[in-house]
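Residues per chain, in single letters:
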Amino acid sequence: MNTPDEQESDAAARVESRHANDRVLDAQALRALAHPLRVKIYDILSQYGPQTASSLAERLGESTGSTSYHLRALAKQDLIRERPGQGTGRERWWERPVGGVTMSAAGTAKTPAARAVTQLVTSEFFRLRQQALLDFHDHAIGLEDDVWKDASLISTATARLTPAQSAELTHRIMAIIDETVDRYRHQEGEDVRPVTIRADVFPLPDIGGAS
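Residues numbered from 1 in each chain as written. Predicted model: local features only at pLDDT ≥ 70, side-chain atom pairs only at ≥ 80, totals over all residues. Heavy atoms only, no water.

Topic: the overall build of the protein
Helix and strand counts for the protein stand at eight helices and five strands. Helices and strands in the protein line up, N terminus first, as α-β-α-α-β-α-α-β-β-β-α-α-α. Within the protein, counting contacts between residues at least 6 apart in sequence, those at least 24 apart form 64% of the total. As displayed, the protein has an accessible area near 14900 Å², and 52% of this comes from carbon and sulfur atoms. (Helix = DSSP H or I, 4+ residues; strand = E, 2+ residues; numbered from the N terminus. Contact = heavy atoms within 4.5 Å. Areas by Shrake-Rupley, 256 points an atom, 1.4 Å probe, with all protein chains shown as cover.)

The following block contains the structure:
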């Protein structure tokens, strides 16, 4: 059996290997995303898989012309791509390439304008994530079928950690998430549906008092 230090080293190595080729979005890519509708489109493609301009328009209450325009803007920065071997010239299917992306990095936010764009995009993503959580909570209260409610988790806990211990926890969580995503990425079936996996680990602000 591995020691705790060996387990942490193994988890950290798996996470580093898994995310070694993650794309760090540059300023141009972030500017292409700096529109609430484009963030929604990118989010839907990330979570639900390939879509057409028509299916996105129906989901978002927009015109097909509007979603087509925004899809082309995202594709220009390689944030999404046309799905090969599917669709026609009139009904093109779009997908988000497999792989992680990083939206905030020191190298992409050197100027006030770059920092503002990064803030705008990440804030919109966080807003959508929070709204999805609230929607699930409101919907789950009235669910007649408790299968998904019982299979879900909304939990908050607080631990007193050092930076090294926080990093260890982060690596362990990310390793589990990565393994789950890779294992079930293409799973299909009657009971299969997209499940969002959230993990938040961050230090609380200092408000004084006991330490």
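So that's the structure; there's more coming.
Points about the environment of Gln47
Residue position: Gln47 is located in helix 3 (residues 36-48). Along the chain, Gln47 and Val195 lie 148 residues apart, while their C-alpha atoms are 8.2 Å from each other. Once residues lying within four places of it in the same chain are set aside, the contact partners of Gln47 are Arg129, Pro194 and Thr196.

A few points about the side chain of Thr122
Of note, Thr122 is situated in helix 6 (residues 112-141). A distance of 3.3 Å separates a polar atom in the side chain of Thr122 from the backbone oxygen of Gln119. (Polar contact = N/O pair within 3.5 Å; in protein donor to acceptor, adjacent residues only side chain to side chain.)

Quick word on the packing of helix 4 (residues 53-60) against helix 5 (residues 64-76)
Packed helices, taken two at a time, are described by the angle between their axes plus the distance between the axes. One can describe the packing of helix 4 onto helix 5 by two numbers: an axis separation of 8 Å at closest approach and a directional angle of 115°. Seen along the crossing, helix 4 lies across helix 5 with a hand that is right-handed. Judged by residue contacts, Ala53, Ser54, Leu56 and Ala57 of helix 4 engage Thr64, Thr67, Ser68 and Leu71 from helix 5. Looking at the contact of helix 4 with helix 5, its residues break down into four nonpolar, four polar and no charged. (Axes fitted to C-alpha atoms, helices over the stretch in contact; angles between N-to-C directions. Left-handed = near helix turned anticlockwise from the far one by under 90°. Nonpolar A, V, L, I, M, F, W, Y, C, P; charged D, E, K, R; others polar.)

Topic: the nonpolar core
By size, the foremost hydrophobic cluster in this structure holds 24 residues, and its most contacted members are Leu33, Leu71, Leu79, Ile80 and Met103. Leaving out residues up to four positions away in the same chain, Ile80 has contacts with Tyr42, Leu45, Leu71, Leu74, Ala75, Trp94, Glu95, Arg96 and Pro97. (Core = buried A, V, L, I, M, F, W, Y, C linked by side-chain atoms within 4.5 Å. Buried < 20%, exposed > 50% of the residue type's maximum accessible area, 1.4 Å probe, protein only.)

Section: the side chain of His70
Relative to the assigned elements, His70 resides in helix 5. What makes His70 buried here is its relative accessible area of 7%. Looking at His70, its side chain comes within polar contact range of the side chain of Arg38, at 2.8 Å. Ignoring sequence-local partners within four residues, the contact set of His70 consists of His35, Leu37, Arg38 and Ile41.

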